[in-house]
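The chain contents come next:
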Amino acid sequence: TTPARMTSQRLSDTASKLDAASKLLRAKPEQSLIGDVGRAHGDARSAAASLAQQARALHLFDILDAPETQAVACIADLDRHAAVYATCAGLFLSLCGGVVHKLAASPCADVLRCAAQLLRKTAARQAQASDVGRLEAAVDAVGRLAWQPGSAAVLLIERQEGLMRDALQELLEAVEEGAGEQGEGEGEEEEEELIHQPALALAVRQLLESTLSTVHASRAAAVRSTADSGQSRLAEQLSAGAKAASQLVDSLVCALVHEDDAAG
């Protein structure tokens, strides 16, 4: 076995190790332990930056053609930085609950996933600068995480609000398309779909717009809650309500717009 092949195998083995650690972070359950969340976030952010720096150095180092001792040391350094990050990110997630945990788990896991992808491509001599860029983008996402419940709730409500706007737009397009089809097929007897009944379509539109307005107002309330650290429970309730409203709106629009598919 050549040194290059042994180094490639070490890279692949380390990549598998990082993938497993990434999955553990992504699936980490809420624990809501008591501690300094802000400090834990800072530690995770710093550890992620150190990991990215080591990964960048590994990418620039022609590791597959390097002496085995140097290659082993380089991979071991990256593995150590990854372990430190996994510990820091795991502690951070252990201190997070509710909306903060939901918002943070995937970005925290993505750092290790991107690092593993870089190692795997390096082992196959396929790594590019863009792979390092993806890891650095994942690190930046961890740094930007909202670790205060109010701020996290605002971001989650914004997402639900966007989904609801998309659903409303789909409804309006379906109503407009149905009106055009009715004009072209005037005089033909055909069972009218629910979404093409003007009175019902108007009522549903008003209902959706009213629900969207309510969710928008809840986002404003969540913004106000960011100024009060004792309002975490309110933030949780607002984000949960927005998610429930978004799911109901999506179900309603799907049932009306895709009525034929549901019937089939």
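Residues numbered from 1 in each chain as written. Predicted model: local features only at pLDDT ≥ 70, side-chain atom pairs only at ≥ 80, totals over all residues. Heavy atoms only, no water.

1. Thoughts on the pattern of salt bridges
This is how it is decided: Any carboxyl oxygen of Asp or Glu within 4 Å of a side-chain nitrogen of Lys or Arg constitutes a salt bridge here. Helix and strand assignments come from DSSP, with helices taken as H or I runs of at least 4 residues and strands as E runs of at least 2, each series counted from the N terminus. Relative accessibility under 20% of the residue-type maximum defines a buried residue, over 50% an exposed one, and the middle range a partly exposed one, all with a 1.4 Å probe and only protein chains included.
Tallied over the entire structure, the rule returns 12 salt bridges. A salt bridge links Glu161 to Arg165; its shortest N-O distance comes to 3.0 Å. Note that Glu161 and Arg165 are positioned in helix H6 (residues 149-184) at a spacing of four residues, about one turn of the helix. Residue classification places Glu161 among the buried positions, given a relative accessible area of 4%. For Arg165, a relative accessible area of 45% gives the class partly exposed. Among the ionic contacts, a cluster of salt bridges with common partners joins Arg26, Asp110 and Arg113.

2. Thoughts on helix H4 (residues 98-123)
Threshold: By definition here, a helix of n residues has an expected span of 1.5 Å times n minus one. The bend at a residue is defined as the angle formed between two axes, one fitted to the seven residues ending at that residue and one fitted to the seven starting there.
The terminal C-alpha atoms of H4, which comprises 26 residues, lie 39 Å apart, in line with the 38 Å expected from a rise of 1.5 Å per residue. Along its length, H4 reaches its greatest deviation from straightness, about 30°, at Ala104, and the proline Pro107 lies no more than four positions downstream. Across the 26 residues of H4, 19 count as buried, placing the element largely inside the fold.

3. Overview of the packing of helix H2 (residues 37-60) against helix H3 (residues 68-95)
Stated formally: Angles run from 0 to 180 degrees between N-to-C directions of axes, and those axes are lines fitted to C-alpha atoms, restricted for helices to the stretch in contact. Reported orientations rely on four angle classes, namely roughly parallel under 35 degrees, roughly antiparallel over 145, roughly perpendicular from 65 to 115, and oblique for the rest. When the near helix sits turned anticlockwise from the far one by under a right angle, the crossing is termed left-handed; a clockwise turn instead gives a right-handed crossing. Any two residues whose heavy atoms approach within 4.5 Å at even a single point are treated as in contact. Three classes are used: nonpolar for Ala, Val, Leu, Ile, Met, Phe, Trp, Tyr, Cys and Pro, charged for Asp, Glu, Lys and Arg, and polar for all others, with Gly counted as polar.
Contact pair H2 / H3: the axes reach a minimum separation of 8 Å and the direction vectors enclose 160°. Judged by the inter-axis angle, H2 sits roughly antiparallel to H3. As for how H2 packs across H3, the hand of that crossing is left-handed. Two secondary-structure elements touch here, H2 through Val37, Ala40, His41, Asp43, Ala44, Ala47, Ala48, Ser50, Leu51, Gln54, Ala55 and Leu58 and H3 through Cys74, Ile75, Asp77, Leu78, His81, Ala82, Val84, Tyr85, Cys88, Ala89, Phe92 and Leu95. Tallied by class, residues from the contact of H2 with H3 come to 18 nonpolar, four polar and two charged.

4. Observations regarding the environment of Leu156
Tracing the backbone through its elements, the reader meets Leu156 in helix H6. Separated by 54 residues in sequence, Leu156 and Lys102 place their C-alpha atoms 9.0 Å apart.

5. Side note on unusual backbone geometry
Phi angles above zero are rare outside glycine, and Arg125 is one such case at about 55°. For Arg125, a relative accessible area of 51% translates into the label exposed.

6. Focus: the nonpolar core
Selection rule: Buried residues of nine kinds, namely Ala, Val, Leu, Ile, Met, Phe, Trp, Tyr and Cys, make up a nonpolar core once their side-chain atoms join them within 4.5 Å.
Counting residues in hydrophobic clusters, the biggest one holds 70 residues, and the most contacted among them are Tyr85, Phe92 and Val111. Those elements that place two or more of their residues in this core are helix H1 (3-26), H2, H3, H4, helix H5 (129-143), H6, helix H7 (198-225) and helix H8 (232-257). For this core, the element with the most residues is H4, which contributes 14 residues. Ignoring anything within four residues of it in the chain, the contact list for Val111 reads Ala48, Leu51, Tyr85, Leu135, Ala138, Val139 and Val142.

7. Describing the side chain of His101
Definition in use: Counting of polar contacts relies on pairs of N or O atoms within 3.5 Å, with two restrictions inside protein: one atom must be capable of donating a hydrogen and the other of accepting it, and residues adjacent in sequence are counted only when both atoms are side-chain atoms.
Relative to the helices and strands, His101 resides in helix H4. For His101, the side chain forms a polar contact with the main-chain oxygen of Lys28, separated by 3.0 Å. Beyond its immediate stretch of four places on either side in the chain, His101 contacts Lys28, Pro29, Glu30, Leu93 and Cys96.

8. What to know about the environment of Asp36
Inspection of the secondary structure puts Asp36 in the loop between H1 and H2. On the accessibility criterion, Asp36 (49% relative accessible area) is partly exposed. For the pair Asp36 and Leu95, spaced 59 residues apart in sequence, the C-alpha separation works out to 7.7 Å. In terms of polar contacts, Asp36 uses its side chain to reach the backbone amide nitrogen of Gly38, at 3.2 Å. Side-chain polar atoms of Asp36 contact the backbone nitrogen of Arg39, separated by 3.0 Å.

9. Digging into the state of the cysteines
Definition in use: Cysteine sulfur pairs qualify as disulfides if the two atoms are within 2.5 Å.
Counted according to the given criterion, the structure contains zero disulfides. In this model Cys108 remains outside any disulfide bridge; the closest cysteine sulfur is found in Cys96, 7.4 Å from its own. A relative accessible area of 0% places Cys108 in the buried class.

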